[in-house]
Amino acid sequence: MRQLEWNLSANLLKEYDEKLSRDGIDGERLAARLHEISKIGLTSDGGSHRTGFSNEEKRAKDLVKGWMKKARLEIYEDGAGNVFGRLEGKNPKLPSVLSGSHVDSVPNGGHFDGPLGVLSALEIVEAWNKEGFQPERSYEVVIFTDEEGSRFNSGLTGSRAMTGEIEKDVQYTLMDQKNKPFEKVLDEAGLSASAFFEINRDLNEISHFVEVHIEQGKLLEQYGQPTGIVSGIAGPLWLDMSFEGEAGHAGNTPMNDRRDALVAAGEFISKIHALPKRVSDTAVATVGKLNVSPNGPNVIPGEVKLIVDIRDISEDTRDELADLIIKEAGNTAENYGVSLNYKQTIRVTPVPIQDEYIDRLEKHLQNHSIEPKLIPSGAGHDALIVGHHLPVSMLFVRSQKGISHNPEEWSTLNDCVRTIHVLREYIESLTKE
Ligand SMILES: [Zn+2]
């Protein structure tokens, strides 16, 4: 039933200020396109289900490719299924400017995370076509494959493949929830392992990547601004920790003769909460999962395994926080006569955005009467991976209540279109030099 009533476009247009459609940028077209994509993989509660390498992701890419073709972009696809729509510049020998995002989603996700970045990048070409404008540098609209990584618990697959950040051995061993190997999934998606592992895009051909994305947080809502400048993209560091004490009978072991691993781990977790602000305003640390063993109601916990997820937009402060956390774990374990083992399992380099680009974006926001606010991105994006190799920048669009990865995800069309006006001015300046 829901499918019959579904009309994302009409809902977006309900509160749209038509005066924002100007200079070749068209809010109605954007709403219609978001709606067309939303119909692919639409769930019964109005969410989006287009996991990476699925038929739905492919259909969404094909739909956008049709629009790219209509906008006279030259389409190129690499071995990971990343799609590039290229507009040749007046000086095609200069490295190009790229903008885009992804069209895959988490299971039952929202309709803005990903597609908005791709369609914003395409809207710039529509505006240029209308005015007969050709940029100095070439410009490419990009759709990265499998950003969310829901199928293999990984993610950022397309951007990692393009930049050579895929470890072949690790990728080959990945299995999806139905125990299908990565190679078989590639095959079903019309891709081949040999082509996937042989992408060698010359990164010297690219001068800059800019991504528009919904904020997935509440800061812009608090600031009352439609658009924000991303100050940096946090890279996670994971510490796998194990507190080992001694299991025993909950009734027969006196309180002064216990080595309770959960008491130590519990105290440690509550102490972590106060540590991030000691290194920076943007650092965060989280323990989201515990494995307690033997895990019985009348047994003193003998062992607790946990993972501490630590993030910041600067590598130095993030590592400083990791050291503080390790020290705290050691001290707490010692106080309770429990032993501690730990190892670092994930370490992704964060990407601070260069001041030069932040300064420029501030100016462009002010030109559009938006107060420039800097927002750190705690979540990873394709721009994080590309940013390990090339200059990148990101614009965030205000998210209603900060809700994301959920059918309730919402950004107003006004906020989306105001962001695209800023993006256009910024991309014009990037393609000029
Ligand atoms: Zn995303």
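Structure: above.
Let us look at the structure shown here. Note that the structure is a prediction, hence the values are computed from the model and not measured.

Comments concerning the pattern of salt bridges
Item 1. Inspection of every chain in the model, using the stated rule, returns 31 salt bridges.
Item 2. Among the salt bridges present, the one from Arg201 reaches Glu140, with a minimum N-O distance of 3.0 Å. Highlighted residues: Arg201 in the loop between helix H9 (193–196) and strand S5 (206–214) and Glu140 in strand S4 (residues 139–144), separated in sequence by 61 residues. A single burial state applies to Arg201 and to Glu140, both of which are buried.

Concerning the coordination of the zinc ion
Item 1. For the zinc ion, every protein donor is listed as His102 (NE2), Asp113 (OD) and His213 (NE2), and the spread of their distances is 2.0 to 2.2 Å.
Item 2. Mapped onto the sequence, the residues coordinating the zinc ion show the spacing H-x10-D-x99-H. You can see Asp113 sitting in the loop between strand S3 (96–102) and helix H5 (115–131) and its partner His213 sitting in strand S5, a full 100 residues away along the chain.
Item 3. On the accessibility criterion, Asp113 (5% relative accessible area) is buried.
Item 4. Residue classification places His213 among the buried residues on the basis of a relative accessible area of 2%.

Considerations on the packing of helix H4 (residues 55–70) against H5
Item 1. Viewed as axis vectors pointing N to C, H4 and H5 meet at an angle of 15°, and their least axial separation amounts to 10 Å. Here H4 lies roughly parallel to H5, going by the angle between them. The two elements H4 and H5 meet at a crossing, and its hand is left-handed. Contacts between H4 and H5 involve Val64, Trp67 and Met68 from the first element and Val118, Leu119, Leu122 and Glu126 from the second.
Item 2. Class assignment for the residues of the contact of H4 with H5 results in six nonpolar, no polar and one charged.

Thoughts on the packing of helix H3 (residues 27–38) against H4
Item 1. Contact pair H3 / H4: the axes reach a minimum separation of 9 Å and the direction vectors enclose 150°. Classified by the interaxial angle, the pair formed by H3 and H4 is roughly antiparallel. For the pair H3 and H4, the sense of crossing is right-handed. Every residue of H4 that contacts H3 at Arg33, Glu36 and Ile37 is listed here: Ala60, Leu63, Val64 and Trp67.
Item 2. Here the contact of H3 with H4 is built from residues that sort into five nonpolar, no polar and two charged.

Digging into H4
Because each turn of an α-helix spans 3.6 residues, side chains separated by three or four positions in sequence point in the same direction.
Item 1. Across its 16 residues, H4 extends 23 Å between first and last C-alpha, which sits within 8% of the 22 Å expected from 1.5 Å per residue.
Item 2. Restricting attention to buried positions, one finds in H4 the residues Glu57, Ala60, Lys61, Val64, Lys65, Trp67 and Met68. The buried residues of H4 occupy one face: seen down the axis, they fall within an arc of 160°. Of the exposed residues in H4, those oriented more than 90 degrees away from the buried face are Asn55, Lys69 and Lys70.
Item 3. At the C-terminal side of H4, Arg72 shows a positive phi close to 60°.

Considering the nonpolar core
Item 1. Leu30 and Tyr139 are the most contacted members of the largest nonpolar core, which totals 77 residues.
Item 2. In this structure, Tyr139 is in contact with Gly85, Arg86, Leu87, Ser96, Val97, Ser99, Ala121, Ile124, Val125, Trp128 and Ile427, ignoring residues within four places of it in sequence.
Item 3. Of all hydrophobic cores here, the second largest spans 25 residues; its members include Met241, Ala265, Leu321 and Val338.

Describing the pairing of strand S14 (residues 374–377)
Item 1. Across the two faces of S14 the burial differs, with Ile375 and Ser377 buried and Leu374 and Pro376 not buried at all.
Item 2. Taken together, the four bridges between strand S6 (residues 227–233) and S14 define a ladder with parallel strand orientation. When the sheet's bridge partners are listed, Val230 is paired in S14 with Ile375.

Section: the environment of Asp319
Item 1. Looking at where Asp319 falls in the secondary structure, it is placed in helix H13 (residues 315–335).
Item 2. Looking at Asp319, the relative accessible area reads 22%, which means it is partly exposed.
Item 3. Taking C-alpha positions, Asp319 is 32 Å from Pro107, a pair spaced 212 residues apart along the chain.
Item 4. Not counting the four nearest positions on each side in its chain, Asp319 is found in contact with Leu237 and Arg347.

What counts and how
- Residues numbered from 1 in each chain as written.
- Predicted model: local features only at pLDDT ≥ 70, side-chain atom pairs only at ≥ 80, totals over all residues.
- Heavy atoms only, no water.
- Salt bridge = Lys/Arg side-chain N within 4 Å of Asp/Glu carboxyl O.
- Helix = DSSP H or I, 4+ residues; strand = E, 2+ residues; numbered from the N terminus.
- Buried < 20%, exposed > 50% of the residue type's maximum accessible area, 1.4 Å probe, protein only.
- Donors = N, O, S within 2.8 Å, 3.2 Å for Na, K, Ca; no water.
- Axes fitted to C-alpha atoms, helices over the stretch in contact; angles between N-to-C directions.
- Parallel < 35°, antiparallel > 145°, perpendicular 65-115°, else oblique.
- Left-handed = near helix turned anticlockwise from the far one by under 90°.
- Contact = heavy atoms within 4.5 Å.
- Nonpolar A, V, L, I, M, F, W, Y, C, P; charged D, E, K, R; others polar.
- Expected span 1.5 Å × (residues − 1).
- Arc of directions from axis to C-beta.
- Core = buried A, V, L, I, M, F, W, Y, C linked by side-chain atoms within 4.5 Å.
- Pairing = 2+ DSSP bridges.

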